[in-house]
Amino acid sequence: MRLRVGTVRLFSQFVGGSIRQVLRGPAAYWAWLAVLLMLIVSGGRAYLGQVQDGLIVTAMRDPVSWGFYIGNFTFLVGVAAAAVVLVVPAYVYDWGPIREIVIFGELLAISAIMMCLLFVLVDIGRPERFWHLLPPAGRLNFPDSILAWDVLVLNIYFLINVVVVTHIVYMAFTGRHYNKRIVVPLVLLSIPTAVGIHTVTAFLYNGLAARPYWNSSILAPQFLASAFCSGPAILLFVLQLLRRFTRFEIKDDAIWKIAELMAYAMFLNLFLHGAEAFKEYYSNTEHLLYTRYWFQGLGDHKTLVPFAWTAVTLNVTAFLLFIVPAARRNRVMLNIGCFATYAGCYIEKGMGLIIPGLTPDTLGEIYEYYPSMTEVRVAAGVFAIGFLVFTLMLKVAVPIALNEFQLRRGPAGAGH
């Protein structure tokens, strides 16, 4: 009983100290939080209008029933899965420079999964029924429904990362090393789970036989290849900011290795997309309509063509920058490559995945979809929530990693 009381006291000190950490910071920190809160308020007001008036305030209609929200959901599932790019070299190959920063990838995964669930929520016309998607409260159509599988693996992956991060950070706060018997099995389990969340998401699309654009067996590896580019691109920006504004020492070798891994992933991404484009154009069946709408347009309907070639250009540019060692070791080229990777994969997973898959519709109608201002505001609010959570978690994790925020013990070893 005494041990249990002591543990509760220590954890309460950890929670209280964490709250104090996030409530103090320089002017730039508070300005960043103010921007995020403004976006959250704006998105919240737009979402309340959507709940009141219905999805008619969005640009989604019967021909295009998935749009900006589901595109962002798909992209963020990939960002969450990308934590495995750090987990494998850190825990499987025990590479020191990556091991020191792997926790930041796990924090990013937690934030990304939260945003994924929020994008599903805002896409539902009856949000009060969202609880049906949350086991064990909801009764999912498992195992027949692919969506049930997606919800299951997303929740499992989220819980794994929460448990691992909380345990590692809390143990560091108390001045002790994490328990390998807890962390290592969970981290190893996170590897197939990370692959699973994006694979099952891909199965949601390519299981729809009436949508030929998605009905491809290589869609899942395409998703994974682009995920292992976009997630690390965000992380490289974060790592450079941490190195610039904190005392946290991040080795160049770690940053360069992540960029190298991104180059290999981008090669696979480009190769798989090229293989799919070749199959469609060389066979020249009626199913080519969807790919042609993306790359060439159909008649006067060329809305997506600039997006298509912008994404291709950005992805090729990123690959060329990261495959050359001298380029990825140059800070300016590195950041250009990260931006090109993020923007290219974002376009490819959003406009390039959802809209061509639904256009033309099954009756041949071409509906030109543009996200409405309501959708843009709501999406910005969701991203702001994710970045707010990520920022607050970093505000606690970084001082603990720097030994600036730890349990203080009295002479007798009692915490105070």
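Just so we're clear, the structure is a prediction, and the values are computed from it rather than from any experiment.

Enquirer: Teacher, can you tell me more about a nonpolar patch on the surface here?
Expert: A grouping of Phe-11, Val-15, Ile-19, Leu-23 and Trp-30 is seen on the molecular surface, where their side chains present a nonpolar patch of about 460 Å² in accessible area. Considering every element that reaches the nonpolar patch, the biggest residue donor is helix α1 (residues 2–22), with three residues. As for its position among the elements, Trp-30 is in helix α2 (residues 27–53). Residue classification places Trp-30 among the partly exposed positions, given a relative accessible area of 39%.

Enquirer: Teacher, can you tell me more about the packing of aromatic side chains here?
Expert: Two descriptors summarise a pair of aromatic rings, namely the distance from one centre to the other and the angle between the planes of the rings. A complete count under the given rule lists 21 aromatic pairs for this structure. Here the aromatic rings of Phe-295 and Trp-309 are separated by 5.4 Å at their centres, their planes lie at 55°, and the arrangement is tilted. Of this pair, Phe-295 sits in helix α11 (residues 288–295) while Trp-309 sits in helix α12 (residues 305–323), and the two are 14 residues apart along the sequence. The class for Trp-309 is partly exposed, based on a relative accessible area of 44%. Ring-pair connections join several aromatic residues into one group, and the members of that group are Phe-11, Phe-14, Tyr-170, Phe-173 and Phe-405. It is Arg-244 that lies over the ring of Phe-245; its NZ or CZ is 5.1 Å from the centre. The ring centre of Tyr-29 lies 5.1 Å from the NZ or CZ of Lys-395, which sits over that ring.

Enquirer: Would you take a moment to explain the layout of surface pockets for this structure?
Expert: Think of a ball as big as a water molecule: rolled over the atoms, this probe shows where empty space is left. If you add up the space inside the largest pocket, you get close to 910 Å³. Lining the largest pocket are 23 residues, with Tyr-29, Leu-241, Leu-242, Phe-245 and Thr-391 sitting closest to its centre. Among the elements that make up the lining of the largest pocket, the one with the highest residue count is helix α16 (residues 373–401) (seven residues). Looking at side-chain class alone, the lining of the largest pocket contains 17 nonpolar, four polar and two charged residues.

Enquirer: Explain helix α8 (residues 180–206) to me, please; I cannot follow it from the model alone.
Expert: At 3.6 residues per turn, the α-helix brings residues three or four places apart onto the same side. Between the first and last C-alpha of α8 there are 39 Å, a value that for 27 residues agrees with the 39 Å anticipated at 1.5 Å per step. Of all the bends found along α8, the most pronounced is centred on Ile-191 and spans about 30°, while Pro-192, a proline, follows it within four residues. Where α8 begins, the side chain of Asn-179 points an oxygen toward the backbone nitrogen of Arg-181, at a separation of 2.9 Å.

Enquirer: It is not clear to me how α16 should be interpreted in this structure. Could you clarify?
Expert: Here α16 is 29 residues long and its end C-alpha atoms lie 41 Å apart, about the 42 Å a rise of 1.5 Å per residue gives. Asn-403 sits one or two positions beyond α16 and adopts a positive phi of about 60°.

Enquirer: Sorry, what's going on with empty space enclosed by the protein here?
Expert: Counted by the stated rule, this structure contains two cavities of 30 Å³ or more. Phe-75, Leu-76, Val-79, Leu-108, Ser-111, Met-115, Ile-234, Tyr-342, Phe-383, Gly-386, Phe-387 and Phe-390 are the residues that line the largest cavity. Breaking the lining of the largest cavity down by element, the ones donating at least two residues are α3 (68–81), α6 (102–123) and α16. Among the elements that make up the lining of the largest cavity, the one with the highest residue count is α16 (four residues). Of the residues in the lining of the largest cavity, the class split is ten nonpolar, two polar and no charged. Its boundaries defined by the atoms lining it, the second largest cavity holds a volume of some 50 Å³. Lining the second largest cavity, in full, are Val-79, Ala-82, Ala-83, Leu-86, Gly-105, Leu-108, Ala-109, Gly-231, Pro-232 and Leu-235. For the lining of the second largest cavity, the elements supplying multiple residues, two or more each, are α6 and α9 (219–245). Of the residues that constitute the lining of the second largest cavity, the class distribution is eight nonpolar, two polar and no charged.

Enquirer: So what exactly am I meant to see when it comes to the pattern of salt bridges here?
Expert: Using the criterion set out here, one finds seven salt bridges in the structure. Residues Lys-279 and Glu-280 are paired through a salt bridge, measuring 2.8 Å at the closest nitrogen-oxygen approach. What makes Lys-279 partly exposed here is its relative accessible area of 37%. Classification of Glu-280 as buried rests on a relative accessible area of 5%.

Reading guide: rules and limits
- Residues numbered from 1 in each chain as written.
- Predicted model: local features only at pLDDT ≥ 70, side-chain atom pairs only at ≥ 80, totals over all residues.
- Heavy atoms only, no water.
- Patch = residues over 30% accessible without salt bridge, like charges linked within 9 Å, V, L, I, M, F, W, Y side chains within 5 Å.
- Areas by Shrake-Rupley, 256 points an atom, 1.4 Å probe, with all protein chains shown as cover.
- Salt bridge = Lys/Arg side-chain N within 4 Å of Asp/Glu carboxyl O.
- Helix = DSSP H or I, 4+ residues; strand = E, 2+ residues; numbered from the N terminus.
- Buried < 20%, exposed > 50% of the residue type's maximum accessible area, 1.4 Å probe, protein only.
- Phe/Tyr/Trp six-rings, centres within 6.5 Å; stacked < 30°, edge-to-face > 60°.
- Lys NZ or Arg CZ within 6 Å of the ring centre and 35° of its normal.
- 1 Å grid on protein atoms, 1.4 Å probe; cavity = no way out; pocket = protein on both sides within 12 Å on 5 of 7 lines; lining within 4 Å.
- Points joined across faces, edges and corners; volume = space filled by probe spheres on them.
- Nonpolar A, V, L, I, M, F, W, Y, C, P; charged D, E, K, R; others polar.
- Expected span 1.5 Å × (residues − 1).
- Bend = angle between axes of the 7 residues up to and from the residue.
- Polar contact = N/O pair within 3.5 Å; in protein donor to acceptor, adjacent residues only side chain to side chain.

Everything listed here is a matter of coordinates, which is why it stays silent on function.
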